[in-house]
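Residue-level structural notes
Listed below are the residues making up each chain.
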Amino acid sequence: MKNVKGILLMTALLSSVAALSACGSKEEEVQEGKTLLNFEYLQAGFGDAPYQALAEAFMAEHDDVLVKLRPNKDINTTTASRLETKNNMSDIYIVRDVLEIQRWAAKGWVHDLKDDVYSAKIDGEETLMDLMDEDALEYSKVNDHFYSVPEYYNIDGFVYDAALWEKNGWEVPTTTKELEELCLKIKSDSTVAPIVYCGGPNSADGYLYFATDGWMTAFEGRTNLKRFYAFESPDVFKPENSRGKWHGLTNLKTFFYGDYVMARSQDKDFMTAQKDIIDGKAAMMLNGSWFINENKRMLDVNPKANMKMFKVPEVSDSNNVKLRAEGYATVTGKELICADVGASYFIPEYAPHRDLAVEFLKFINRRSSSVLYTLNSNAPRPLDYNIDPTSEAYKDMTDFGKSVLDIVRNNELFLAFSKSPLMLEGHVGLYAKGRRESSIYQKMTPDEVLEDEYNYVLNNWDSWTKA
Amino acid sequence: MNSKRTIILLASLSALLSSCTGSSNARLEAPTFEKASSPMHFTAYACPTVENWSGTSNNVNCATEEHYRKLAEAGFTKALALYEGAPGGARTTAEHVRKSHAAAEQDAMKILEQAEKFGIKYYVRDWSFYGLVKNYSDITTKEQYEEIIRSMLHEDNPYINSPSFLGNYGHDEPNYDELAKIKDQVEIYNRVMKELGKEGAECVINLNPSYVSGAGLNFHTYSEYVDYYFENIAPLVGYGSFDFYPFLFDYVDGSYMRQMYLYNIELFARKCKEGGYELRSYIQDKGDFTGTRDMCGIGDFRFQIYTLMAFGARDITYYTYSGEESESEGGFALMNFMDGTYNWTYDLAKKVNNEVHAFEDAYLSYKWDGVMYKNANILIDNQNFANLVDPLESHDRVSFGDVSEDTLLTSFKNDEGDDAFMLVNFTDPYFKKSDTVTLKFNNARGLLMYRMGQKMVVPLNNGEYTFKLYPGEGRFIIPIK
């Protein structure tokens, strides 16, 4: 049993009691004979497993170091004040919003990793720049500086119970035509709802954007999306230039706001909806690679469930022909899927043990560490390392994890980001007025949404660009 | 009343017996306190409002004697308008200002009439004034602000002459860039009110909590934001106010407490102490779409109120007193203005507010001085404690013994240099953990303390006393030499 927390606690108990003051004041973070490295991350879907694994492996090589895990549900709102006050700071953090890291860097709070990590030899003679894929490298670069390292690519899709599907003879759909046929079959075969989502409060908007973005990405292709994210003219929001979004929103209406969705999905929180999938009450749910870590307790009491994930099916017509935008292109010829950076590492400029944090971050980016991370998170890192689920390294991986890696290997990943000031200043994004899935729920048509977006951009473009 | 007297008598007898059994030769003389010039304030945000306040809501008339009697009985001393004075449709800024002010005057007078009967003070939300610096794209200069303010505040304005009128709601949760304009707004407000012989009328300004960042603060740091306020606006209004809602809903554990709660309170308490300003803040009394959870019991109210008082707060606003929801719908406030019914949280608020009023004379005669804490498990840092910037290393009058839960202890001094302390069970009351705390006092033979509104005098055994604090409980303690 990998009970790192227990190990840390016992170690701390034996070695640090003398260093603690009796009351009231700050407790000295000193462990006899060991340097304490505080590692803080968002306490969320992945749980502690990947971070425990990395901490354990690092300590195995550094017996003079104690890595203390600091999971923090509140990390998005606690970090700025702690960096500013230099109080209660951890040595290394993982946070979701890379723009926040860049803003903190502008205030001098974040250590530039260019020389210490990006240019350093990480794995043999290879540097992190050698290992990291081109998009992720560009994503992390700020005026020739690097203040963050991407933690993982968020791979999403439809999560399903393969055991339930096998029993019913349901097959994974590859197109929207097949998805619709499957939904009809599920409805006629069983009492299982084809699709459930979590539209309730604080539940990531039902993850519906995984589907709409997936359909848009698959339809548009890399070249068109790159052009869109350059935001060089308001024309990129013209309805006729937004057919990928149109397909996304149209399919959203068909599959999530029609007859195929489980009753009251709009009110469900994410744990309830996930339980519906695990209990076999629904057949599919949009979700991410953290699914089985987040639901470990529920899966432990449902050992027959064999969860897997398939990518959002390609947009197709009624003849099951896959549809592509004009100018569609990819680099590899594989189909294109979204792959957002889920979170990023950074090291505070005034971290108590900054040099050690740098060593830990270099360690984390080794190929062997990335395998360890993926084994424990089911999420791929944006680096060059082994992600072959059939290889010996992944022999103990769950079928869920392997299905995620299959999605990664069999498709071309597209990282959506922009260096345009319009996006950095928050004026535009994929949608200029924020996510629009709820507009469809509120009965706007996709055409009306796209028209509304374009008019809004057109009306504000001059003021945004002048500013 | 009788039971309270009995307890005091027993406590005094106990102290007397203690002195006879050798721990001291003299009877414990508890200090007495003069009536405070101003009470501990509890402010009802969104107080009972007028019928059909928006013109479309179909709510019943809550601006009645019955509802304001209940407000006063629940220990509220101030009311802050949210719904009254909602403006009708307008095509131009001038029309909007005129209509807003007319609506505010009309509604405010109805509330003031009831508030006056029960000694409640009222902040008017005149929508021609509230949010002045951001609501109108064509109103941007000081001259324009002054023109609007003078059109609203003049001798013929009936509400400013009501004995219950306390001031106007100026701005809630401004971003950083709005602060400079708010300074102008407040300066003009103060000047005009002085000309009208209403010096002391308050312009209510409430800042964002520390969990707002990024664009919400125009990419300034929270310290920069707070510093600007205390350098430029606090001298004009005389207080520092912010809202922080600590309890979040957690899908796994049921509840989660934000980690920067004490940091935020400490920051404001320190600024108020340095500048001699009054500390004001808010409590969460319901959950909402932002992820905050509904109240689970009286401990939630006690926890927030005693924690704020532990840093010297003298004005605590309930967010919100009224709302559209009843208990079955979730997100429910103390009362439902749609049908005029009360939720169970009203009774809890009433109990806690009145237990605080019971010792306000003692509490208000001291000023906050510093903060200490103790983690129940030395291996697990309570992150709220860890985020305190300037905790005391020790205190010459008191030290911690054992604690069974994470415990907050703050210190106070009065003008004579006498000490007092607030002791708080600092665990999320959702988990219903009681805290057994032993404190050791120096140079003290006994304690005067206030426990849930009841005054107690107890002798010390070798300077020590062991407290049992219920979830959320705070104990105000004054050592007796």
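Along each chain, the written sequence defines residue order, and numbers are assigned to residues from 1. Here every chain gets a letter starting at A, and every ligand a number starting at 1, in the order they are written. For this predicted model, a pLDDT threshold of at least 70 governs which residues receive local features, and a threshold of 80 or more governs which side-chain atom pairs are given and counted, while totals over whole chains, interfaces and linings are taken from all residues. Processing note: side-chain calculations cover all non-hydrogen atoms of the structure and skip hydrogens and water entirely.

**Here's the deal with the overall build of chain B**
Test applied: Working definition: helices are DSSP H or I runs of at least four residues, strands are E runs of at least two. Numbering for both runs from the N terminus. Every radius of gyration here is taken over C-alpha atoms, with the globule rule written as 2.2 Å times N^0.38, N being the number of residues. Burial classes: relative accessible area under 20% of the type maximum marks a residue as buried, over 50% as exposed, and values in between as partly exposed (1.4 Å probe, protein chains only). Any two residues having at least one pair of non-hydrogen atoms within 4.5 Å are treated as being in contact. Per-residue accessibility takes into account occlusion by the displayed protein chains alone, with areas from the Shrake-Rupley method and a 1.4 Å probe. Asp and Glu count as negative and Lys and Arg as positive, but His and the ends of the chain are not part of the count. A charged residue contributes its charge at one atom only: NZ of Lys, CZ of Arg, CG of Asp or CD of Glu.
Tallying secondary structure elements over chain B gives 13 helices and 22 strands in all. What you see for chain B is a C-alpha radius of gyration of 23 Å, in line with the 23 Å of a compact globule of 481 residues. Projected onto its principal axes, the C-alpha positions of chain B cover 80 × 50 × 50 Å. Looking at chain B as a whole, 59% of its 481 residues qualify as buried. A separation of at least 24 residues holds for 74% of the contacts in chain B among residues at least 6 apart in sequence. If you sum the accessible surface of chain B, you get close to 18,500 Å²; carbon and sulfur atoms cover 48% of it. Between the mean site of the 46 positive side-chain charges and the mean site of the 67 negative ones, chain B shows a separation of 5 Å.

**A closer look at the sheet that holds strand β6 (residues 239-242) of chain B**
Residue and element names in this part refer to chain B. Operational definition: Paired strands, in this sense, are two strands between which DSSP finds at least two bridges. Angles here are taken between N-to-C directions and fall from 0 to 180 degrees, while the axes themselves are lines fitted to C-alpha atoms, restricted in helices to the stretch in contact.
With parallel pairing, the eight strands of this open sheet are ordered in space as β5-β4-β3-β2-β1-β10-β9-β6. Here the strands that pair on one side only, and so sit at the sheet edges, are β5 (202-206) and β6. Across the sheet, the axes of successive neighbouring strands diverge by a mean angle of 25°, strand direction being ignored. With three bridges connecting them, strand β3 (residues 121-124) and strand β4 (residues 165-172) associate as parallel partners. Bridging from a neighbouring strand, Val 124 pairs with Asn 168 of β4. Set on the sheet, helix α9 (residues 261-275) makes contact with β6 and β9 (278-284); between it and β6 the angle comes to about 170°.

**Comments concerning the interface of chain B and chain A**
Many analyses report the size of an interface as the accessible area lost when the parts associate. Keep this limit in mind: Buried area, as used here, totals the accessible surface that two parts lose on assembly, with accessibility defined by a 1.4 Å probe and the loss added over both. Whenever two N or O atoms come within 3.5 Å, that pair is a polar contact, provided that in protein one can donate a hydrogen and the other can accept it, and provided that, for residues adjacent in sequence, both atoms are side-chain atoms. Three residue categories are used. Nonpolar comprises Ala, Val, Leu, Ile, Met, Phe, Trp, Tyr, Cys and Pro, charged comprises Asp, Glu, Lys and Arg, and polar comprises the others, including Gly.
The partner chain A presents 37 residues to the 39 residues of chain B that form the contact. Taking both partners together, chain B and chain A bury about 3,200 Å²; carbon and sulfur atoms supply 51% of that area. Here chain B and chain A share 16 residue pairs in polar contact (both at pLDDT 80 or more) between them. Mapped by element, the contributors of at least two residues to the side of chain B that touches chain A are α7 (222-232), β14 (367-374) and α13 (383-386) of chain B. In terms of residue class, the side of chain B that touches chain A is built from 20 nonpolar, 12 polar and seven charged.

**Here we look at the environment of Glu 405 of chain B**
Residue and element names in this part refer to chain B. Mapping Glu 405 onto the fold places it in the loop between β15 (398-403) and β16 (407-413). For Glu 405 and Arg 314, which are 91 residues apart along the polypeptide, the C-alpha to C-alpha distance reads 27 Å. When residues no more than four places from it in sequence are discounted, the contact partners of Glu 405 are Lys 374, Ala 376, Asn 425, Thr 427, Lys 433, Ser 434 and Asp 435.

**Some points on the nonpolar core**
Selection criterion: Side-chain atoms within 4.5 Å are what join buried Ala, Val, Leu, Ile, Met, Phe, Trp, Tyr and Cys residues into a set we call a nonpolar core.
If you look at the biggest cluster of nonpolar residues, it comprises 134 residues, and the most contacted ones within it are Phe 39, Phe 256 and Met 284 of chain A. It is helix α10 (residues 208-230) of chain A that provides the largest number of residues to this core, a total of nine residues. Not counting residues within four places of it along the chain, the set of residues in contact with Met 284 of chain A comprises Phe 158, Val 159, Trp 165, Leu 179, Leu 182, Cys 183, Ile 186, Pro 194, Ile 195, Val 196, Ile 277 and Phe 310 of chain A. In this structure, Tyr 222, Phe 244, Phe 359 and Leu 364 of chain B belong to the second largest nonpolar core, which totals 130 residues.

**Re the confidence of the model for chain A**
What counts is decided by this rule: One confidence number per residue, pLDDT, is output by the predictor and ranges from 0 to 100.
Summarising the model, chain A shows a mean pLDDT of 92, and 93% of its residues fall at 70 or more. Contacts from residues 1-28 of chain A, a stretch scored under 50 in pLDDT, to residues over four places away or in other chains number 57 contacts.

**Brief notes about the pairing of strand β8 (residues 254-257) of chain B**
All names here are of chain B. Relative to β8, strand β7 (residues 247-250) runs antiparallel, the two sharing four bridges. Paired with Phe 247 across the strands is Met 257, a residue of β8. Taking the residues that link successive antiparallel strands as the turn, the β7-β8 hairpin has three residues.

**Some remarks on the sheet that holds strand β12 (residues 307-310) of chain A**
Residues and elements named next belong to chain A. Pairing in this open sheet of four strands is mixed, and the strands run β10-β11-β9-β12 from one edge to the other. Of all strands in the sheet, those bounded by a partner on one side alone are β10 (193-195) and β12. Neighbouring strand axes in the sheet, compared pairwise and without regard to direction, differ in orientation by 30° on average. Sheet analysis places strand β9 (residues 156-161) next to β12, joined by four bridges and oriented antiparallel.

**Things to note about α7 of chain B**
Most of α7 of chain B is tucked away, with eight of its 11 residues classed as buried. Here α7 of chain B has its buried residues at Tyr 222, Ser 223, Tyr 225, Val 226, Tyr 228, Tyr 229, Phe 230 and Asn 232 of chain B. Elements in contact with the buried residues of α7 of chain B: α3 (75-85) of chain A together with α6 (176-195), β5, α8 (234-237), β6 and α9 of chain B.

**Some words on the packing of helix α9 (residues 176-189) of chain A against helix α11 (residues 243-256) of chain A**
Residue and element names in this part refer to chain A. Rule in force here: Here the angle decides the label: under 35 degrees means roughly parallel, over 145 means roughly antiparallel, 65 to 115 means roughly perpendicular, and every other value means oblique.
At a closest axis distance of 11 Å, the pairing of α9 and α11 adopts a crossing angle of 10°. When the interaxial angle is binned, α9 and α11 end up roughly parallel. From α9, Thr 176, Leu 179, Glu 180 and Cys 183 reach across to α11, where they touch Asn 251, Thr 254 and Phe 255. Class assignment of the residues belonging to the contact of α9 with α11 gives a composition of three nonpolar, three polar and one charged.

**What about a negative patch on the surface?**
Formally: Only residues above 30% relative accessible area that lack a salt bridge enter a patch, with like-charged residues linked at up to 9 Å and the nonpolar side chains Val, Leu, Ile, Met, Phe, Trp and Tyr linked at up to 5 Å. Only one rule defines a salt bridge in this text: a Lys or Arg side-chain nitrogen within 4 Å of an Asp or Glu carboxyl oxygen.
On the surface, a cluster of negative charge is made up of Asp 235, Glu 240, Asp 447, Glu 448 and Glu 451 of chain A. Structurally, Asp 447 of chain A is set in helix α20 (residues 446-466).

**Some details on the packing of α7 of chain B against α9 of chain B**
Residues and elements named next belong to chain B. Put simply, the rule reads: Left-handed describes a crossing whose near helix is turned anticlockwise from the far helix through less than a right angle; right-handed describes the clockwise counterpart.
Relative to each other, α7 and α9 sit at 30°, their axes nearing to 11 Å. Judged by the inter-axis angle, α7 sits roughly parallel to α9. Relative to α9, the crossing made by α7 is right-handed. On the side of α7, the interface is formed by Tyr 222, Ser 223, Val 226, Asp 227 and Phe 230, while α9 contributes Tyr 263, Asn 264, Leu 267, Phe 268, Lys 271 and Cys 272. Residue classes in the contact of α7 with α9 are distributed as seven nonpolar, two polar and two charged.

**Some words on the domain arrangement of chain A**
Residue and element names in this part refer to chain A. Convention followed: Domain delimitation follows an automatic or database domain assignment.
For chain A, the domain assignment lists domain 1 (12-153 + 342-396) and domain 2 (156-337). For domain 1 versus domain 2, the separation of C-alpha centres amounts to 32 Å. If you look at the interface, domain 1 gives nine residues, while domain 2 gives seven residues. For the pair domain 1 and domain 2, the summed buried area comes to about 600 Å², and 38% of that belongs to carbon and sulfur atoms. For the pair domain 1 and domain 2, the interface holds two salt bridges. In this structure, Lys 226 engages Asp 135 in a salt bridge whose closest nitrogen and oxygen atoms are separated by 3.6 Å. Where domain 1 meets domain 2, there are four residue pairs in polar contact (both at pLDDT 80 or more). Elements represented by at least two residues in the side of domain 1 that touches domain 2 include exactly α2 (49-61) and α16 (367-377). Its residues placed into classes, the side of domain 1 that touches domain 2 shows four nonpolar, four polar and one charged.

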